[in-house]
Each structure stands twice: as C-alpha cells, then as structure tokens.
Amino acid sequence: MGLLSDPNRRRALISMLTRLNAPICVVCYFAGVAWFMGLAFEPFTLRTYMSENAMGSTMVEERFPAGERALATGREFAAHKKKVGGMPVDWLVKNMQDRGLEVFTQSFSRTLPFPDENKERYIVKGTNVYGILRAPRAPRTEALVLSAPCSPGDNNNQAVGLLLGLAQYFRNQIYWAKDIIFLVNEHDLIGMQAWLEGYHHTNTTGMSWSPLQGRGGSIQAALSLELSSDVITSLDLVLEGLNGQLPNLDLANLFYAFCQKIGVLCTIQGKLQRNDWDSVSGYNHAVQTMMLMVMKQASGRPWGDHGLFLRYHIEAATIKGVNSFRQYKTDATTIGRLLEGMYRKLNNLLERLHQSYFFYLMPSLSHFVSIGYYMPAFGLLAVILLLRALDLWVQLNTPPSTTEDGVADIDQVRHTPGVLSVLTPLVISHLTGVALYALPIRFQETAVEHFPVSETEAVVLTAIAIYTAGLALPHNTHRYYIVCVCGTEQGWRVLKLVAVLYLAVLLGCTALINFSLGFILALTLVPLAAFVTPHVPKVLSAFILVILSPACTLLFSVFFFQELQDMPVSFQDGWLLYLSVISQGILDHSLYGSLVYPLIALLVYPCWLLFWNILFWK
C-alpha cells in the first residue's frame, strides 16, 4: 500500500512499467502460453476423486442379466423403424407399457431458418416417446433420465434395445427412491429440446410442441446412450454442452469409477489413458486430449443430447459406444451393469451434485485441471491489455511538448481529440456487427433469386461478404476525421485506449463463462491489440491483422481440430468444412440458443474493426 500511496514511488513504478512495457508484454504472452501447455503435464494436474459422499463407494452388486435380450429388442426396433420409415411410435408405446411404465408421447415441429444441408432437413416434425418408472420408496419429487436418440438408418438401435432392457429390469427392483424416465427422442437435439421445454414449461426457441401429459419429479441427473454395434471395444464419455457448459465433475468420476470396477475400457475425446506421462509421446497424448476438449468447449455447441440438459442445471453426459479394431470386447450385459451401477449411485443422492468442480479441463479421465490452475494462463494474457492501457493513459496525460521559449506546441493543444472521434468508429463498427448478425438469414431469399446458390450457401456467403465489407470502414470514416480535424496522434491513442479496455472486459467476461473460447480469442486478439499503431508498416500489419481476425482464427481452428482427431484434410475439404461450421453456428444459435455466433458478430468482430481503424488512421 505504501508503494501506491507515496507519490514518488507511484511515479517511479509507472515510469518503470511504461519504459519496459513492450518487454513485459512479450514475457507475459509467452509465459501465459507456456503455463497453459504445462497444464497437460501430469504432475501439474490433480487426480480425480469423488466429492459427493452419497456416491463415494462403488460397492453395489450389479445383476443386470439381459444383454442378449436387449440386442434382440434392438434388432426388432430396427426392423419396425425401417418398416415405418422413421420412429416406430406405436411399437415403442406398446413395449414400454408391457414393461410396466407410464407411457406418454409428445409431438413437435420446427421450421429451420434455412435448410440444414448436413442432415438434409428443413421442416422437422417428429414424436418423442417416454415412459416413467415411478419411485416405490419416495414421494416422487425427484427423477433421473436415461435417453437414447432415434437416429436415422442403422444407428443407435442397440441403445434403444438396451434402454428397454434396463427399463424392464429396473421395474422389478424395489430400491428406487427417484422416478426414472426412459426417453426415446426423435431428430436428436431438436427432439430433446422440445421435450425439455415441454417438461419445464418454457419456450425459448419458438418451437411448436404439444404439452407433456405426464411428468416426474425434478430431474437431478441424466445420461444419453449412443450404441450402434452389438459389440463395443470402449466407452467414450462426452461432457461438452451448450455454450461450453460442463456437468459436475463427480458425474465423470462416477463413470470412470464403474469402468474401473467392471473392467470396461473408457476414453475421453476418443483417446485412451496412457501411463507413460513422463515421456514425450505421453505428454503429447495428454496435450491432444486436453486441446480437443478446449476446441469442443469453445465451439459452444452441444456435442450430445446431454448438452441441452445443462441449461436447466441438470447434470448430464453422453456415453458413446465405440467399436474399433482393439482386441478387447465388451458385450451389452456389461454395459447394462455399468449403467445399473451408475443409476443406483445417483439414486442415493440427497441433493443435486454440487460438491465437485463445474469448471475444469481433463487431459485424461483420471486427472483434471481445476479453474484455479488454468485461469492464471488467461490472466497473464489479459494483463498485457492492462499494461498497454496504462501506457496509453500515461501518454495521453503527458503535458504537451514546449518550444525553446517555453510556449506549448499549438498543434497538440488545438487538436485535442473530441468525443465524436471515438464514437464514430465505435458506432460504425457495431452497426457492421449488427448487419453481420441479422442480415444473412433475412437476405437469403433475395440472394437465392439473384445468384445460383442454395439457401444455406446464400446465408454463409452473405455473412462472409458483410464480414469482408467491414474492411473498407477506415476509408469511409476517414472522411469524417478530416471534417472534424480529429485525425491527430492523440485521437488514435484515445481510440486505442477505449478499444483495449473494451477487449479486456470482453475477454474477461467470455473466459468466466467459457474459458476455452476466451483463451483462444485472447491468443489471437491480444498481440494485435497490444502493438498495432498507425506508424507500423501498413501492408505487413494489415496481413497480420487479417490472419489474427476472428474469421481466420475459425479457419485455422477447423484444420487444427482435424489434426487433433488424426483426420487431416486438404485445403479444399477444409474450406468446405469451414463453410459448414459457419452455417452450423448460425443454426445452433437459432435452434438451441448458442451464444458463440452473436458474441463473435456483435462484440468480437466490432472490437477487431476498431484496431483495423487504428492501423489506417491518418
């Protein structure tokens, strides 16, 4: 406190920070990157442990015996699905009723803002079927959910068969203290969104659905099951949900504990855990696993049906069966016993899962990185913006230079920047962001009429055109600067001070909600924000700014994500995938409420345009 309260010491500290500003910023940037990369090194991580006492022991005896019968039911389900060309609603209702469940259906429909070419759908209509097993030993105020999506073709038939087999087995047990809801949803995430909105009496996406006729208690946890083969070599745990939300870590710990007990190979991000953490290959494996989680979380999209439960504060995950070339095989009976054990443990909960972490990264299923470990990496990047803001503030408050006779420089006194010199680029940049957010969907019909493109291509190409048109802003706003005589040295410093503080607040808020997205944006935006000025070489600096722009960051992320998955693509395939990612981002926002697209369009892109204006300031 004495350092800041003493005027002499405070001036000395500020003088040192401004004199060494650039070297300190460079050191902070590389220190932040090094800190983040070190998080995957096992000695720097924490071993997972069960925090919830009610789930602390896996000493329950799993007795589920009907794996083969469940697979037969799955084949019967596939035959009826093929016969009716979709969800066999009547067959599902009859089978659930035969198993002693209270069975209900929900119809829904949704017209997409533009066709989804990945799944070839535009007007979506479907029916959800769910059965409720009422708790025999409790007042039925709480519930658990087991869901299996009805996927097209031969996908996920085994999951529906296992769900019905577990329903029949659970019906004969007397220890359930919570309702158990067995849900088969059609059209994957759209059907799940309709069911969740109907269950909680909300409508946040404008979807049409029929009210639910039957409800259980307050949902405490949910699991979504995806199995598309009779024999499974490993089970993959999917955690990433809408807008980067993650379930309570105890749910992942519970899955890992029962996999270890029963002897099932388990993976996260499709990668097995390795024990050679002290080798270069072991460290690279952990980095790939952690970076896959970062990339998926930053996308903001739900990576399974469980992702929509998290919005309603329901801890949920997707368990996906993988049939690879590994020699180790797991049958349906073993998977059923694993699910039985997990639900018996969840049945013991006296309150919602809250003891463990909600913010974490996982380089493996046995180790995790808590928020207290990974947030300093972002802090080291964010402090660069504060140091640059301090430097600009000192420059703006430095008295004007004087001539030999002691008279202040008339140009610096007379050309003090006004409020309009800052408001003009701020307003124009954000209006461009509003156009990028609102116009692609609204102008798709006009684009289709005048150009030989589909509706989806029209939306994506319109977004790219508006984004590119924003690069012309410096030439348009420059005319205004000439009129108001504000294009001075002080003018760009004021604008950069506002832009740097704006970016610091934006990245800080983003990292608190979705650390992965905030960190990726900080990696690319902080360097350009720190060192862009009107005095650097224009052509080279403009090229660097474009490379570090949000659009190019997304393009590089697409190729990087494919490399992490060991599925590299050519530039042409990567470009098509890039266009698909843009269309899916817009669709995810319209259908499920993903915030990544509006965040980029309304805030991040206008902020980047401010630095583009500073580079071309005259």
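Conventions used here
- Residues numbered from 1 in each chain as written.
- Predicted model: local features only at pLDDT ≥ 70, side-chain atom pairs only at ≥ 80, totals over all residues.
- Heavy atoms only, no water.
- UniProt positions renumbered as here; feature names shortened; annotations may be inferred.
- Helix = DSSP H or I, 4+ residues; strand = E, 2+ residues; numbered from the N terminus.
- Rg over C-alpha atoms; globule rule 2.2 N^0.38 Å.
- Buried < 20%, exposed > 50% of the residue type's maximum accessible area, 1.4 Å probe, protein only.
- Contact = heavy atoms within 4.5 Å.
- Pairing = 2+ DSSP bridges.
- Axes fitted to C-alpha atoms, helices over the stretch in contact; angles between N-to-C directions.
- Phe/Tyr/Trp six-rings, centres within 6.5 Å; stacked < 30°, edge-to-face > 60°.
- Polar contact = N/O pair within 3.5 Å; in protein donor to acceptor, adjacent residues only side chain to side chain.
- pLDDT = per-residue confidence, 0-100.
- 1 Å grid on protein atoms, 1.4 Å probe; cavity = no way out; pocket = protein on both sides within 12 Å on 5 of 7 lines; lining within 4 Å.
- Points joined across faces, edges and corners; volume = space filled by probe spheres on them.
- Nonpolar A, V, L, I, M, F, W, Y, C, P; charged D, E, K, R; others polar.

Naming follows an unreviewed UniProt entry, where the chain appears as GPI-anchor transamidase component GPAA1 of Astatotilapia calliptera. Quoted verbatim from the Subunit (unreviewed entry) field of the UniProt record, the comment on the chain reads "Heteropentamer. Part of the GPI-anchor transamidase complex, consisting of PIGK, PIGT, PIGS, PIGU and GAA1. Interacts with PIGK." What the UniProt record of the chain gives under Pathway (unreviewed entry) is the line "Glycolipid biosynthesis; glycosylphosphatidylinositol-anchor biosynthesis."

Considering the overall build of the chain
A tally of regular secondary structure across the chain gives 22 helices and 13 strands. For the chain, whose C-alpha radius of gyration is 28 Å, the value lies close to the compact-globule estimate of 25 Å for 618 residues. Seen along its three principal axes, the alpha-carbon backbone of the chain occupies a region of about 100 × 60 × 50 Å. Out of the 618 residues in the chain, the part that is buried amounts to 54%. Contacts spanning at least 24 positions in sequence make up 81% of the contacts within the chain whose residues lie at least 6 apart.

As for the UniProt feature "transmembrane region" (unreviewed entry) in the chain
UniProt records the feature "transmembrane region" (unreviewed entry) at residues 20-41, 371-390, 419-439, 451-473, 499-532, 539-561 and 595-617, using the numbering of this structure. The annotated region residues 595-617 carries 87% helix and 0% strand content, and the separation between its end C-alpha atoms amounts to 32 Å.

Digging into the sheet that holds strand S13 (residues 367-370)
On the basis of which strands lie adjacent, the open sheet formed by three strands has the order S1-S13-S12 and antiparallel pairing. In this open sheet, the two edge strands, each paired with only one partner strand, are strand S1 (46-47) and strand S12 (360-364). Sheet strands in contact with helix H11 (residues 371-397) are S1, S12 and S13, and its direction is about 55° off that of S13.

Regarding the packing of aromatic side chains
For the coordinates displayed, the defined rule picks out 28 aromatic pairs. Aromatic pair Phe64 and Tyr169: ring centres 5.7 Å apart, planes at 85°, arrangement edge-to-face. Residue Phe64 is located in the loop between S1 and helix H4 (67-84), and its partner Tyr169 is located in helix H6 (residues 157-171); the two are separated by 105 residues in the primary sequence. In this structure Phe64 comes out as buried when scored by relative accessible area, which is 0%. We classify Tyr169 as buried; its relative accessible area is 14%. Relative to Phe368, the ring of Tyr357 has its centre 5.1 Å away and its plane inclined at 50°; by these criteria the two rings are tilted. Separated by 11 residues along the polypeptide, Tyr357 in the loop between helix H10 (332-347) and S12 and Phe368 in strand S13 bring together distant segments of the chain. Overall, Tyr357 belongs to the partly exposed group, its relative accessible area being 26%. Given the relative accessible area of 0%, Phe368 is considered buried. Through a chain of ring-to-ring contacts, three or more aromatic side chains come together here, namely Phe64, Tyr169, Phe170, Tyr175, Trp176, Phe182 and Tyr343.

Quick notes on the side chain of Gln444
Structurally, Gln444 is set in helix H14 (residues 444-450). Taking relative accessible area as the criterion, Gln444 reaches 8% and is therefore assigned buried. At 3.2 Å, the side chain of Gln444 and the backbone oxygen of Ile441 are in polar contact. In this view, Gln444 contacts Pro113, Phe114, Glu455, Ala458 and Val459; residues no more than four positions away in its chain are not counted.

Focus: the pairing of strand S3 (residues 121-133)
The buried count for S3 comes to 10 of 13 residues, which makes it a mostly enclosed element. Two elements, strand S2 (residues 102-116) and S3, share 11 bridges in a ladder whose sense is antiparallel. Bridge pairing links Val103 to Gly131 in S3. What sits between the antiparallel neighbours S2 and S3 is a turn of four residues, in which Glu120 has the positive phi angle 55°. Alignment of S3 against strand S5 (residues 179-186), held across five bridges, turns out to be antiparallel. Bridged to Tyr130 within S5 is Leu183.

Here's the deal with the confidence of the model for the chain
Here the chain averages 87 in pLDDT, while 91% of its residues score no lower than 70. Below pLDDT 50 for its whole length, residues 480-487 participates in 15 contacts with residues either more than four positions away or in separate chains.

Observations regarding empty space enclosed by the protein
Following the criterion strictly, the structure yields four cavities of 30 Å³ or more and no others. In this model, the largest cavity occupies a volume close to 160 Å³. Around the largest cavity sit 16 residues that line it, and Glu42, Arg274, Ala286, Pro363 and Ser364 are the ones nearest its centre. Element by element, the count of residues in the lining of the largest cavity is highest for helix H9 (residues 280-299), at four residues. Tallied by class, residues from the lining of the largest cavity come to seven nonpolar, seven polar and two charged.

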